[in-house]
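Residues per chain, in single letters:
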Amino acid sequence: MGLWVGGWGCRGEREQLPAGYGVPFCDSAMARVAAFTGERVQGRGGGSEGGAPPTTVVVGTVAEMGGMNVFGAGDVGAVQHQMFVNLMTLVRYDENLRPVPYLARRWETREIGEGRMELRFFLRDDVRWHDGTPTTAYDVAFTFLRATDPRTGFPNASFFQFYLPGEEGVSVEDSLTVSFRFRPHGDYLDPWRATAIMPRHLLEGVPPEALARHPYGTVCPVGNGPFRFVSHSPNDRWVFEANPFFPEELGGRPPIDRYIYRVIPDQAALLAEFLRGTVDVYVAMPWGQAEQVRGRPDRRVVVFPHRSVLFVAWNTRLPTLADRRVRRAFTLAVNRPLLLQGVQGGEGVVLNSGVPPSHWAFDPSLGDSLPYDPPQARALLESAGWVDRNGDGVRENQAGEPLAVELTYHRNQERQEVAEILQAQLREVGVELRLRIMEFAAYLQAITSPERDFQAALVAFETEFRLDERDLFHSSAAREPFGFSGISDPVLDRYLDTLPLVEDRQEGRRLWREYQLRIIELQPVTYLYSAFRRDGVTSRLENVVLDTRGEWVNIGQWRVVPQRRRSP
Amino acid sequence: MDSGGSCRNGGGHLKELPLLSFVVRRLLGSLPLLVGVPTLVFLALSLAPGDVASVYLRPGIPPETVVQIRQNLGLDEPLHVRYVRWLSSLARGDLGYSVAHGVSVRRLLATALPNTLLLGSLSLGLSFALGILTGIFQALRPHTVLDSFLSGVSLFFYSVPPFWLGTMLVLMFGVWLGSSAEGLWTLPVSGMFSVGHEFLGPWEKAFDRLRHLVLPTLTLTAVLTGGVARFVRAAMLEVLGEDYILAARARGLSETRVVLKHAFRNALIPLITLGGLSLPLLLSGTVVVEFIFAWPGIGRLMVTSVAARDIPVVLAGTVLMAFLVVAGNLLADLLYGLADPRIRHGRPQA
């Protein structure tokens, strides 16, 4: 089975080649994989043995992923496949979110003067790209150079914001040693946890501005991770197979022979496939469906803290919402524990800041900072001059203008329920919340464009492990896409400038707490909750770890119960 | 029936033209449609809020990176430049690149189009076959209990939204009637083939594909059949009341011959029109069904592409649909000649 590559036409993908390529890229790349795999499999015996059908595991999701091109695909599914499935990062996080070696065997840092540090990685010598080419320090340097080259348009360029960009920031000492220079800052290893290394020998000739659109990522990814690419049918499935040459020290060849990522956009169909056993892992199951699955003997629902954050951004540029008393009153009027219970079955954490529970700076003691308190909300609104003057249940200011705010959001079941609950709860304190549902692209345009065509917006984020809220709340970012609230506060600015540079976590926790208290005071946004993630897993699978790092974090160690290997 | 009459008139006018010339002229005449419709779509999508660069928007992205991404994608160019570039690429057969899917549009269409054509043509063929049979059956027993019952059933399926019917079928065959993939009553509820299909033999593969086709085809067919049946019933009832049918029966022809050769053939003209108009349904009619049954076809592709403002994909799909509209109408015109001897495009005149 190891000989079969290509599937849906890596061969023949000729129209995407950047100028200067004489040989069709994907033809050549996949031929090299086939040649290497064929030679080596004959020698070592890869895939399932004795002609038995391959053990296949199917993960089902509602959304297609962007692919294996680090420079072009940044959605959650794609990034996890880059990090854990098809490619490798220099470091990864353990279950306590501490960096541990992966492609890098070890690393060291030293001060090099002028307020700079040097980070030196020593790479493993037993990792090969799936076409047989060794993975070296030159690949790491190539990835860094392209990521920091402005022409690439790397969406995650901010990962390396404290690294010296370009040639100045990196040097290859030998094929297994590479060093980087940067301004001291916290979590300096995180970019190397989040950015998978790309194959220099395949992509070096691609102009940086063409990298994001290169067919490498979706048609012929040649990785170095535990699973190698077999085929991709857009909007349908990705097929990977075990890499028999994955280093033993990192777990060796994965126990499962094949892994399929299936896209099933309708959640009812996805649930049906999961219940029937044709999907082994159901990613991001809604609460309602999880209730149907619970109690079944051969299925389990794994619930774990996630990095998602849901909040209402108030457009403080508008006179009504410029008054912090009004914004605080809105927050006090919302019964967020009840909201979480109603929408997510209570599976999550009520938030008062953008620090999710999985982050080291999360402070549970801040959870009670703005508890549900309608009387205090009413008092605050009255002190701000909003009184129900005509007895219609909605407050008015002295000019007789009603306290009405329009909440913009794009429709999905969760947002719809949240919006309706918010509307009902704010009504209780005399606030009219009007709901404005938009199609996603239009919604994004409305809330991120300089015109800020919204009053309040329901926003969901998936935060990075290295938290940086400058583009949300720094006054310099008020005109940038994510400066939704338009808040401008010198105290916040100081915290936001300082926090990313703090290396000591104890000091960091203190500063993060002070920063969060300031956010709670100003309330540029009303944080609602961080919902836990729910994944369904069949009992056919063993050794599956699902946690805040992601669904695929240990896919290389997943096992199928021997009696339940799937027959084709 | 009006459409049939007007077609007869059209056919009369076209008698003068040789067949090839007729086809060429019709195709040339369709060029404005083939270019005009995508142009309107291009304008509408370009003027709609948001663009495909939003795929890359995320917290922390520097503003200059957003600018660079838009530049790399060619989104920073004026509307007319992008339009002319698209047109010239189209003329060269280059359909462009899908940012949202990360592959060339040609590859996307090459993957999705056959899937949709398979599902659409099977459903269309089945629904016409079943609809014609049902319609004829009803027309021969007008106003009976059976006719009323079948009318009710046709109306029910004609009225049922495909998303509801599809979801019910998913629940019925995917959950209620079988809890395992191998159950007797269990049919696949998503995708085009099973896990491990590539390890099956040719016959097993074909059977596997057929099983996956059952539910989406059933959904589409059920919805389309009702309309066709009602259409045929009405056309047949009208024809069966004509004098020449009475004359045929008076001449002692068998009922089968009367119905099939005389009545049905004359009822065929409006049905051909319906068939021609239904051809674009091959692509557009499958959207909801493809979504529910995870069928990786054009309909689903178009929906996700519109949502992502992935203009090249939408434009290519629109061109395809416009082409099918043209082809459907042309095909109907040509079939009129087969159904009605008085209409012969390009036949040498005596």
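About the cut-offs
- Residues numbered from 1 in each chain as written.
- Chains lettered and ligands numbered in written order.
- Predicted model: local features only at pLDDT ≥ 70, side-chain atom pairs only at ≥ 80, totals over all residues.
- Heavy atoms only, no water.
- Helix = DSSP H or I, 4+ residues; strand = E, 2+ residues; numbered from the N terminus.
- Contact = heavy atoms within 4.5 Å.
- Areas by Shrake-Rupley, 256 points an atom, 1.4 Å probe, with all protein chains shown as cover.
- Lys, Arg positive; Asp, Glu negative; His and termini not counted.
- Charge placed at Lys NZ, Arg CZ, Asp CG, Glu CD.
- Rg over C-alpha atoms; globule rule 2.2 N^0.38 Å.
- Buried < 20%, exposed > 50% of the residue type's maximum accessible area, 1.4 Å probe, protein only.
- Pairing = 2+ DSSP bridges.
- pLDDT = per-residue confidence, 0-100.
- Expected span 1.5 Å × (residues − 1).
- Bend = angle between axes of the 7 residues up to and from the residue.

**Some points on the overall build of chain B**
Move 1: Each helix and strand counted, chain B has 14 helices and two strands in total.
Move 2: Overall, chain B is about 85 × 60 × 40 Å in size when its C-alpha atoms are taken along their principal axes.
Move 3: Sequence-distant contacts, at least 24 apart, represent 73% of the contacts inside chain B between residues at least 6 apart.
Move 4: Total accessible area computed for chain B in this model is approximately 16500 Å², and 70% of it derives from carbon and sulfur atoms.
Move 5: Here chain B holds 27 positive side-chain charges and 20 negative ones, and the gap between their average locations is 6 Å.

**Some details on the overall build of chain A**
Move 1: Secondary structure summary: chain A contains 17 helices and 21 strands in total.
Move 2: Whereas a compact globule of 568 residues would reach a radius of gyration of roughly 24 Å, chain A reaches 26 Å, a difference of no more than 12%.
Move 3: Counting the 568 residues in chain A, one finds 62% classified as buried.
Move 4: In chain A, 68% of the contacts between residues at least 6 apart in sequence involve partners at least 24 apart.
Move 5: With the model as given, the accessible surface of chain A reaches about 20500 Å², and the carbon-plus-sulfur share is 49%.
Move 6: Distance from the positive charge centre (64 side chains) to the negative charge centre (73 side chains) of chain A: 3 Å.

**Some remarks on the pairing of strand β8 (residues 227–233) of chain A**
Regular strands place side chains that alternate from one sheet face to the opposite one.
All names here are of chain A.
Move 1: In terms of burial, β8 is largely enclosed, as seven of its seven residues are buried.
Move 2: Bridge count between β8 and strand β9 (residues 237–242): six bridges; the pairing is antiparallel. By the bridge assignment, Phe229 is partnered in β9 with Phe240.
Move 3: What sits between β8 and β9 in their antiparallel hairpin is a turn of three residues, with Asn235 showing a positive phi close to 65°.

**Re the confidence of the model for chain A**
All names here are of chain A.
Move 1: When pLDDT is averaged across chain A, the result is 90; 93% of the residues are at 70 or more.
Move 2: The low-confidence segment residues 1–23 (pLDDT under 50) makes 65 contacts with residues lying over four places distant or belonging to another chain.
Move 3: Every residue in residues 42–50 is under pLDDT 50, and counting partners more than four places away or in other chains gives 15 contacts.

**Some remarks on helix α8 (residues 202–240) of chain B**
Move 1: In this model, α8(B) (39 residues) spans only 47 Å end to end at C-alpha, well below the 57 Å of a helix rising 1.5 Å per residue.
Move 2: Residue Val214(B) marks the point of greatest curvature in α8(B), where the axis turns by about 35°; the proline Pro216(B) follows within four residues.

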